[in-house]
Amino acid sequence: MLYNPARRDTAVDLGLAFSAVILAAFGLVMVYSASIAMADAERFTGFRSWYFLARHGAFLAVGVVAGALAFKVPLRHWQAAAPWLFMAGVGALVLVLIPGVGREVNGARRWIALGPANFQPSEGMKLLVVLYAADYTVRKAAFMDDLKKGFLPMFAVMFMVAGLLLREPDFGALVVVTAIAMAILFLGGLNWRIFVALAIGLAVAFVVLIVSSPYRLQRILGFMDPWADAYGKGYQLSHSLIAFGRGEWLGVGLGASVEKLFYLPEAHTDFLLAVIAEELGFAGVAAVIALFGFLVTRAFAVGRQAASLERYYAALVAQGIGVWLAVQAFINMGVNMGLLPTKGLTLPFLSFGGTGIVVNCVAVAILLRIDFENRYLMRGGSL
């Protein structure tokens, strides 16, 4: 049965809001648990065990404020600004590659220093691609069956973005951005033959990118058999699997993880789920998966409701956000569980981060705004 927001008394979907809040609150607890040892040991933290907790809490606070402001903006304004915001995002991707402007860490140039924090343009681009691709698809709705007029302009733009992301390099962001753009075009009515041809072409392109890069190829080999070189290319995955094995059904207890004690790299960011698995077991991981499943389901429900009200831009934005969160969470979980090759993608709402957390909060706020406008229209109002 189609979701009908007019049947509820509240102004927004409380289930959608609460699922995001619970994920963010749970992430705050787990980031603290996963980062205590590193914060105690690293000199730049001043040996304060709560260093990462304080920073993550500050990022969440900024995200909540940004989300509250984003919720106040009518969706028509987001649509009008989408091309300009996208151009600004592309400009930021260019800036980050300029020596002296972009900050390089571990061979990757993905951040722009902004005082005490770092801005990561590739994280913001995920949301901007949702807004822009939805606007493009609505504007070109009559040409979705036309390769030249409907598909190639968008392909050219995304090809440029892909080139910039590969220069950083940020292969994980490229995969997510590509999935978002493809999903929105497909949901917007792209000719299925073009979609299938594109999917095959992208699969071939990703294989070529992996084979042509020794670094990426080593990650694939480490993924296929992490125990063959457990102290080398299989190090991260082998320790992540050990964490999952130690957790069993109910975990070893909150704060009692051994793998976070300098065995598991990036325990508070990319491999936070492994710490959750070790400390809270299968039950904790299942709860996280269930929350993401609920959040994504609500996003698509809001999108379907918008489509039923002939609000096609709103529908594509809501479903695009749902695809983004689902794909990124799936990849992160797959990497942690050894189902996918190791890739540097954080777990939305949970992993430690600055730009990612703020952008996640803004995305949920836009979802809630779409739902709010749906409910207002169902009650007889006009936008």
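Here we summarise the structure given alongside this text. (Residues numbered from 1 in each chain as written. Predicted model: local features only at pLDDT ≥ 70, side-chain atom pairs only at ≥ 80, totals over all residues. Heavy atoms only, no water.)

Bringing the pattern of salt bridges into the picture now. Pairs can form between side chains of opposite charge once their charged atoms are near each other. Scanning the model with the defined rule gives 10 salt bridges in all. In this structure, glutamate 104 and arginine 109 form a salt bridge, with 3.1 Å as the shortest nitrogen-oxygen distance. For arginine 109, a relative accessible area of 18% corresponds to the buried category. The partner of arginine 246 in a salt bridge is glutamate 278, and the shortest N-O contact between them spans 2.2 Å. A residue pair is termed long-range when its members are at least 10 positions apart, and arginine 246 in helix α9 (residues 235-247) and glutamate 278 in helix α10 (residues 272-308) qualify at 32 residues. On the basis of relative accessible area, arginine 246 is assigned to the partly exposed category, the value being 34%. (Salt bridge = Lys/Arg side-chain N within 4 Å of Asp/Glu carboxyl O. Buried < 20%, exposed > 50% of the residue type's maximum accessible area, 1.4 Å probe, protein only. Helix = DSSP H or I, 4+ residues; strand = E, 2+ residues; numbered from the N terminus.)

The contact between helix α5 (residues 147-167) and helix α6 (residues 171-187) brings their axes to 9 Å, and the two run at 170 degrees. On the basis of the axis angle, α5 is roughly antiparallel to α6. Viewed along their axes, α5 and α6 form a crossing whose handedness is right-handed. Along its contact with α5, which presents Phe151, Met154, Met158, Val161, Ala162, Leu165 and Leu166, the element α6 presents Phe171, Ala173, Leu174, Val177, Ala181 and Leu185. A per-class count over the contact of α5 with α6 returns 13 nonpolar, no polar and no charged. (Axes fitted to C-alpha atoms, helices over the stretch in contact; angles between N-to-C directions. Parallel < 35°, antiparallel > 145°, perpendicular 65-115°, else oblique. Left-handed = near helix turned anticlockwise from the far one by under 90°. Contact = heavy atoms within 4.5 Å. Nonpolar A, V, L, I, M, F, W, Y, C, P; charged D, E, K, R; others polar.)

Attention shifts here to the environment of glycine 15. Residue placement: glycine 15 occurs in helix α1 (residues 14-41). For the pair glycine 15 and leucine 295, spaced 280 residues apart in sequence, the C-alpha to C-alpha distance is 8.1 Å.

Strands pair in a sheet through their backbones, by hydrogen bonds, and they do so in one of two ways: parallel or antiparallel. The three strands lie next to each other as β1-β2-β3, forming an open sheet whose pairing is antiparallel. The two strands at the open ends of the sheet, each matched to only one other strand, are β1 (102-105) and β3 (117-119). On average, each strand axis in the sheet is inclined to that of its neighbour by 55 degrees, with strand direction left out of account. (Pairing = 2+ DSSP bridges.)

Each aromatic ring pair is specified by the distance between its two centres and by the angle formed by the two planes. In total, this model carries 10 aromatic pairs according to the counting rule given. Measuring from ring centre to ring centre gives 5.3 Å for phenylalanine 52 and phenylalanine 352, while their planes differ by 85 degrees; the resulting arrangement is edge-to-face. Highlighted residues: phenylalanine 52 in helix α2 (residues 51-71) and phenylalanine 352 in the loop between α11 (312-336) and α12 (355-378), separated in sequence by 300 residues. A relative accessible area of 4% means that phenylalanine 52 is categorised as buried. Owing to a relative accessible area of 14%, phenylalanine 352 belongs among the buried residues under this scheme. For the pair phenylalanine 86 and tyrosine 132, a centre-to-centre distance of 4.4 Å together with 15 degrees between the ring planes defines the contact as stacked. Highlighted residues: phenylalanine 86 in helix α3 (residues 75-95) and tyrosine 132 in helix α4 (residues 121-139), separated in sequence by 46 residues. (Phe/Tyr/Trp six-rings, centres within 6.5 Å; stacked < 30°, edge-to-face > 60°.)

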